[in-house]
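# Topology and contacts: notes
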Amino acid sequence: MFTRFTGPARRVMIKAGTLALDAGHPTLSTDLLLLALAEIRPFELTAFTSTPDAVRAHADLGDDAHALLATLGIDLDEVRRRTRLGTDDPARWRLTRTRLNPLRVVLHGPLGTIPLAAHVRKVVEVACWRPGPVTGERLLHGLLADHANGAARILRATGVDLPALIRETGMPVRGAA
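Because the structure is a prediction, the values reported are computed rather than measured.

Moving on, we get to the packing of helix α1 (residues 7–23) against helix α2 (residues 30–40). At a closest axis distance of 8 Å, the pairing of α1 and α2 adopts a crossing angle of 130 degrees. Taken together, the axis directions place α1 and α2 in an arrangement best described as oblique. Crossing geometry of α1 relative to α2 is assigned as right-handed. From α1, Pro8, Arg11, Val12, Met13, Lys15, Ala16, Leu19 and Ala20 reach across to α2, where they touch Leu32, Leu33, Leu35, Ala36, Leu37, Glu39 and Ile40. Residues that form the contact of α1 with α2 fall into these classes: 12 nonpolar, no polar and 3 charged.

Quick look at the structure:
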């Protein structure tokens, strides 16, 4: 499935998967995909004004192992930097659909395997729906197309003008003729 993804869009998926694996989540969720989009910014959308820190405040990053390890004098970020050289190489990651259950999409990489939550699978499906490459804009479009996944709520809470963002992405608007 990754063959249609542009390099930046692949990096977004890999970053989101790494965040989910680090947090110990059973699936890759939309809040972590949105955080990866905010960190990597694979597009030139001026209406996407969310900062990574603002999105991070709304994302479920799991238990705060940082604070616990810091009391022992261990910098978890430094440990991850030293032990993960080359693990973000897109060539080492795959996005697959399982044969027995075609609705199950899984991200595989050197750090582990994580299935996509239903809402994230829908994001990928929307991004892949039209012909052509899957870009960061298409991933954002997929996030905004599903009103139930919480991405719009997070973007609104971080100060994004959603109507302006939707206009800038060129997304079709419901009820528009």
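Anyway, onward from the coordinates.
The next subject is the packing of aromatic side chains. Under the definition given, this model contains 2 aromatic pairs. Note on Phe2 and Phe5: the rings are 5.1 Å apart at their centroids and 70 degrees apart in plane angle, and the pair reads as edge-to-face. For the pair shown, Phe2 and Phe5 are each scored as buried.

Two elements, strand β2 (residues 105–109) and strand β3 (residues 112–115), share 4 bridges in a ladder whose sense is antiparallel. Note on β3: the bridge partner recorded for His108 is Thr113. Hairpin geometry of β2 and β3 is characterised by an intervening segment of 2 residues between the two adjacent antiparallel strands.

Helix α7 (residues 136–145) sits mainly inside the fold: 8 of its 10 residues count as buried. All buried positions along α7 are accounted for by Gly136, Arg138, Leu139, Leu140, His141, Gly142, Leu143 and Leu144. Contacts made by the buried residues of α7 are with α1, α2, α6 (118–129), α8 (151–157) and α9 (162–169).

All right, on to the confidence of the model for the protein then. Per-residue confidence for the protein gives a mean pLDDT of 88, with 94% of residues at or over 70. Per-residue pLDDT, averaged within each element of the protein, yields its smallest value for helix α4 (residues 65–71) (70) and its largest for α2 (96).

Turning our attention to the pattern of salt bridges. Charged atoms that come close allow side chains of opposite charge to pair. By the definition in use, this model includes 5 salt bridges. The closest approach of N and O atoms between Arg56 and Glu39, which form a salt bridge, is 2.4 Å. Of this pair, Arg56 sits in helix α3 (residues 52–56) while Glu39 sits in helix α2; the two residues are 17 residues apart in sequence, bridging distant segments of the chain. Given the relative accessible area of 29%, Arg56 is considered partly exposed. Across the pair Arg97 and Glu125 runs a salt bridge whose closest N-O atoms are separated by 2.7 Å. Placement of the pair is Arg97 in strand β1 (residues 94–97) and Glu125 in helix α6, with a sequence separation of 28 residues. Residue class for Arg97 comes out partly exposed when judged on its relative accessible area of 34%. Using a relative accessible area of 29% as the deciding quantity, one classes Glu125 as partly exposed. By sharing partners, the salt bridges in this structure join Lys15, Glu39, Asp53 and Arg56 into a single network.

Conventions used here
Residues numbered from 1 in each chain as written. Predicted model: local features only at pLDDT ≥ 70, side-chain atom pairs only at ≥ 80, totals over all residues. Heavy atoms only, no water. Axes fitted to C-alpha atoms, helices over the stretch in contact; angles between N-to-C directions. Helix = DSSP H or I, 4+ residues; strand = E, 2+ residues; numbered from the N terminus. Parallel < 35°, antiparallel > 145°, perpendicular 65-115°, else oblique. Left-handed = near helix turned anticlockwise from the far one by under 90°. Contact = heavy atoms within 4.5 Å. Nonpolar A, V, L, I, M, F, W, Y, C, P; charged D, E, K, R; others polar. Phe/Tyr/Trp six-rings, centres within 6.5 Å; stacked < 30°, edge-to-face > 60°. Buried < 20%, exposed > 50% of the residue type's maximum accessible area, 1.4 Å probe, protein only. Pairing = 2+ DSSP bridges. pLDDT = per-residue confidence, 0-100. Salt bridge = Lys/Arg side-chain N within 4 Å of Asp/Glu carboxyl O.

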